[in-house]
Amino acid sequence: SLFKSGGGTGFVGGALTQLLRNRGHEVKHVSRHPGKDRITWDDLSRVGLPPCDGAVNLAGENVLNPLRRWDESFCRDVVASRVETTKTLAKAIAEAEWPPRAWVIVTGVGYYRPSPTAEYTEESPGGDFDFFSCLVKDWEAAAKVPGDATRQVVVRSGVVLGREGGAIAQMLWPFRLGLGGPISSGCQPFPWIHVGDLAGIVSHALEQEGVHGVLNGVAPAAPTTTNGDFARALGSVLNRPALLPVPGFVVRAVFGPERATMLLEGQRVVPKRTQESGYRYSFPDLPTALQNILD
Ligand code: NDP
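Residues numbered from 1 in each chain as written. Predicted model: local features only at pLDDT ≥ 70, side-chain atom pairs only at ≥ 80, totals over all residues. Heavy atoms only, no water.

You'll find the chain entered in an unreviewed UniProt entry as Short chain dehydrogenase/reductase family 39U member 1, with Sphenodon punctatus given as the organism.

So, in C-alpha cells, the structure goes:
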C-alpha cells in the first residue's frame, strides 16, 4: 500500500516511516521542503492528493523549543503548523477522486485538564479550558472529512520517548552529568509513550479496518507513572542519581507560564480504546521502554 504523511520527516514520522516500510508499504512525505519521495504542501493544495491507501498528519512546530520565546508569532506558528496542515490534507482527501481508506492524525493529551487524581479515557471531556486544550479541539475538528469513504482516527499522544528526538534527547545530557531530577515536586502524572508504540498505533490504525475515532496514545503503565518515577527510572538506567529537582520557577522562566504547565502538571491518561482495538504494546512499562531507548 502507499501512504502519505505530513510531518513524516520528523521524530515520530521517522519511526513511522521505517515501521511502514519494514511492513512492505510505500511511504511518501508531505513537507515544506521539496526532495526525494516528497511532495510539498503547495503541491498538495495545487494538484490534490495523489492516489494512496492512507494519509497521516504528524506536522507541527516543536512546542518545547527552548530557543523560541512564547510570543504571538510563535503561538501562530504552533497553531498553523498543526491546524492549517491538517485542514490542507483533509480538504485534499475530501476532494480526491480515489480517497484513501484511512486518515490518521496525532494530537495530544493536552486535551484533558491536568489533575493529580482524575483518570481520562477517550470518552472523557476536555478541549475547552486553556491554549493547548483548545488547540487540540480545533486541530481534531480540522481533520473531519464528510462522508464515510475514509476511516478517520485521532491518536491523542502523551510525551513521546525515543532516542532520536523529543523529551529524552533534550534531557539526556543533564542526566548523564548527574544533574537530572524530577520537575518541581515530581508528583505530577507523566503521560508517556515509547515512539515505537506511537508509530505502532498509527500503523495499526492505518491497517485495521475496524479502528476509528479517538485512541489515547499512552503506555498502559502511564496512568500510574509520575514525573518523579520517570526521573528515577531514567537515572537508574543511566546509572546516575536523579536527585536534583528542577524548581518550578526555573521551568517558568525558560518556557513561559503556558508551556510550563505542560511540565509542572500532567494528566493520568488511560489507553482504553487503544487496547480494546486490539493494539499490542511493545513497551508497556517504563523500565522496558527506557532500557530499549538507552541501550
Ligand atoms: P517534530 O518536531 O519532529 O516535527 C515534525 C515535522 O513537522 C517536521 O519534520 C516538519 O516537517 C514539520 N514542521 C515543523 N515546523 C513546522 C511548521 N512551522 N510548519 C509546517 N510544518 C512544520 O515533531 P514530532 O515528530 O515530535 O511530533 C509529531 C506530531 O506529534 C506533532 O504534531 C506533535 O505536536 C505531536 N505530538 C508530539 C509529542 C512529542 O512528545 N514529540 C507529544 C504529543 C503530540 P518538514 O520540515 O518536512 O516540513
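Caption draft 1: Broad picture of the UniProt feature "domain: NAD-dependent epimerase/dehydratase" (unreviewed entry) in the chain. Summarizing the sequence annotation, UniProt attributes the feature "domain: NAD-dependent epimerase/dehydratase" (unreviewed entry) to residues 7-211 in the numbering used throughout. With 39% helix and 17% strand, residues 7-211 has its two end C-alpha atoms placed 22 Å apart. (UniProt positions renumbered as here; feature names shortened; annotations may be inferred. Helix = DSSP H or I, 4+ residues; strand = E, 2+ residues; numbered from the N terminus.)

Caption draft 2: Seen up close, the sheet that holds strand E10 (residues 213-217). Sheet architecture is open: seven strands sit in the order E3-E2-E1-E4-E5-E7-E10, paired in parallel fashion. Of all the strands in the sheet, the pair left with one neighbour each is strand E3 (38-40) and E10. Sheet twist, expressed as the mean angle between neighbouring strand axes with direction ignored, is 20°. Both strand E1 (residues 2-6) and strand E2 (residues 26-31) contribute to a ladder of five bridges, which runs parallel. Each bridged residue has a counterpart across the sheet, and for Ser5 the counterpart in E2 is His29. In the packing of helix H1 (residues 11-22) onto the sheet, contacts are made with E1, E2 and strand E4 (54-57), and the angle to E2 comes to roughly 155°. (Pairing = 2+ DSSP bridges. Axes fitted to C-alpha atoms, helices over the stretch in contact; angles between N-to-C directions. Contact = heavy atoms within 4.5 Å.)

Caption draft 3: Summary view of the packing of aromatic side chains. Enumeration over the complete set of coordinates arrives at eight aromatic pairs. On the numbers, 5.1 Å between centres and 10° between planes, the contact of Tyr112 with Tyr120 is stacked. Each member of the pair, Tyr112 as well as Tyr120, is classed as buried. A centroid spacing of 5.0 Å and a plane angle of 80° characterise the contact between Tyr279 and Tyr281, whose relative ring orientation is edge-to-face. For the residue pair Tyr279 and Tyr281, the accessibility class agrees, reading buried in each case. Each residue in the set Trp70, Phe74, Phe131 and Phe132 is aromatic and connected to the rest through ring pairs, giving one cluster. Residue placement shows Arg156 over the ring face of Tyr111; its charged tip is 3.7 Å from the ring centre. The side chain of Arg176 reaches across the aromatic face of Trp173, ending 5.2 Å from its centre. (Phe/Tyr/Trp six-rings, centres within 6.5 Å; stacked < 30°, edge-to-face > 60°. Buried < 20%, exposed > 50% of the residue type's maximum accessible area, 1.4 Å probe, protein only. Lys NZ or Arg CZ within 6 Å of the ring centre and 35° of its normal.)

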